[in-house]
Amino acid sequence: MVSDLSASAVTNALTSKWIGGNYQYLESTGSTNDLLKKQVTAGDPAHPPHGTVLLTDYQSQGRGRLDRRWEAPSGTSLLFSILLRPYWLGDRLSWLTMLAGTAIVEAIETETTLSASLKWPNDVVVCRNEIWHKVCGILLEGHIVAEQRLAYAVLGIGINVNIPPELLPNTAQPSTSLSTVAGRSISRLNLLVTLLRRIEILYDRADRGISPQDDWNRRLITIGQRVEVSGSGQGTPLSGIAEGTGEWGQLLVRDDNGQLHTIVAGDVTLRRVN
Ligand code: BT5
């Protein structure tokens, strides 16, 4: 059966100007991030071009951060990576996570009747039975060269679109799919096309030097909440109130002794839902 996300289906439907100009579809692969990085380091510095999208219907080695796994049954999700060649200063790498997260929330809200939010640093969540459930993860991998410039970045996105409830992966944090919450199946093609255009608009804005941080902050459910942060390099988990984000997307957490901590990476557990 031809996939609804085949090269001809997507190429004909795209509304973006440069993202997806080179669109590659594979029935299955190990990990779209790994394969795209392999193409980038293969030798020809101009290929694949800026804006290349590599999408698959199934990953046997789908990855999260810290080599955790990203699991999705075949043909149920959006699993893809975008190659970006920003040549921005390296500390702007976090802008890509911010603008991607914002674009994903906007695209979900446009293509479904759901309202979506962001959980620091890289989860897209929807509320179900008063609990935040993860529906999407972002895996951003950047390569910095001389003068601290970003040579390229591979932006990996996994969205649980039409995973039936009984096939949802077993995850430590609650997870769900858009179709489960919406109660109907969602067009993967429409969601992809809308999302790629939104990323393009927000990327072009960032490329002109406009920070995506305010839009990102507005969507973050983490701000103002009591949180527990683990895996941030500190021995014991840190507990406190998330007060905001720093210039490069770090989470600012004030502990119960009044001390402010700047969290660069780690996993955040929200202690309250709203
Ligand atoms: C992420 O990591 O959330 C980033 C996921 C990125 C996946 C995309 S798919 C296309 C591209 N190619 C790749 O190989 N990866 C990217 P992290 O925050 O570390 O979350 C990983 C954790 O999410 C796992 O340890 C599980 O607990 C949970 N998880 C796994 N599969 C899930 C799913 N389908 N839905 C929700 N949670 C999931």
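In this text the structure is predicted, and so the values were computed from the model without any measurement.

Draft legend 1. Spatial organisation of the sheet that holds strand β12 (residues 267-270). One open sheet accounts for 5 strands, arranged β11-β10-β9-β8-β12; its pairing is antiparallel. Every other strand in the sheet has two partners, leaving β11 (260-263) and β12 as the edge strands with one partner each. Each strand axis lies, on average, 45 degrees off the axis of its neighbour in the sheet, ignoring direction. Pairing analysis gives 4 bridges linking strand β8 (residues 226-230) to strand β9 (residues 238-245), with the strands arranged antiparallel. Each residue of the ladder has a partner; that of valine 227, found in β9, is glycine 240.

Draft legend 2. Summary view of the environment of valine 124. Following the sequence through the fold, valine 124 ends up in strand β5 (residues 123-128). Valine 124 sits in the buried class, given a relative accessible area of 0%. In the structure, valine 124 is positioned 145 residues away from threonine 269 in sequence and 14 Å away in space, judged by C-alpha atoms. Not counting residues within four places of it along the chain, the set of residues in contact with valine 124 comprises Ile104, Val105, Ile108, Ala116, Ser117, Leu118, His133, Lys134, Val135 and Cys136.

Draft legend 3. Region of interest: the site of the ligand. Within the structure, the ligand sits among 29 residues, and Ser31, Arg63, Glu71, Lys134 and Asn160 are positioned closest to it. Measuring from an oxygen atom of the ligand, one finds a backbone N or O atom of arginine 63 at 2.8 Å. At 2.8 Å, a side-chain N or O of asparagine 160 approaches a nitrogen atom of the ligand. Within the complex, the protein chains bury 93% of what would otherwise be the 800 Å² of accessible surface of the ligand. For the shell around the ligand, the secondary structure elements donating two or more residues are α2 (32-40), β3 (77-84), β6 (131-145) and β7 (149-160). For the shell around the ligand, the residue count by class is 8 nonpolar, 14 polar and 7 charged.

Draft legend 4. Broad picture of the sheet that holds strand β2 (residues 53-56). Spatial strand order, β1-β2-β3-β7-β6-β5-β4: 7 strands in an open sheet with mixed pairing. Bordering the open sheet on either side are β1 (23-26) and β4 (116-119), each of which pairs with just one other strand. For this sheet, the mean inter-axis angle between neighbouring strands, taken without regard to orientation, is 20 degrees. Here β1 pairs with β2 via 4 bridges, running parallel. Bridge pairing links glutamine 24 to leucine 54 in β2. Running over the sheet, helix α3 (residues 93-111) touches β3, β4, β5, β6 and β7 and is turned about 145 degrees from β6. Across the sheet, helix α5 (residues 188-207) touches β1, β2, β3 and β7, and the angle it forms with β3 is around 25 degrees.

Draft legend 5. Fine view of the pattern of salt bridges. Enumeration over the complete set of coordinates arrives at 15 salt bridges. For glutamate 141, the salt bridge goes to lysine 37, with nearest N and O atoms at 3.1 Å. Taken together, the positions of glutamate 141 in strand β6 and lysine 37 in helix α2 put the pair 104 residues apart, joining distant regions of the chain. Owing to a relative accessible area of 24%, lysine 37 belongs among the partly exposed residues under this scheme. Residues participating in the shared-partner salt-bridge network are Asp34, Lys37, Arg63, Asp67 and Glu141.

How each quantity is defined
Residues numbered from 1 in each chain as written. Predicted model: local features only at pLDDT ≥ 70, side-chain atom pairs only at ≥ 80, totals over all residues. Heavy atoms only, no water. Pairing = 2+ DSSP bridges. Helix = DSSP H or I, 4+ residues; strand = E, 2+ residues; numbered from the N terminus. Axes fitted to C-alpha atoms, helices over the stretch in contact; angles between N-to-C directions. Buried < 20%, exposed > 50% of the residue type's maximum accessible area, 1.4 Å probe, protein only. Contact = heavy atoms within 4.5 Å. Near = heavy atom within 4 Å. Polar contact = N/O pair within 3.5 Å; in protein donor to acceptor, adjacent residues only side chain to side chain. Areas by Shrake-Rupley, 256 points an atom, 1.4 Å probe, with all protein chains shown as cover. Nonpolar A, V, L, I, M, F, W, Y, C, P; charged D, E, K, R; others polar. Salt bridge = Lys/Arg side-chain N within 4 Å of Asp/Glu carboxyl O.

Scope: geometric values only; no functional claims are made or implied.
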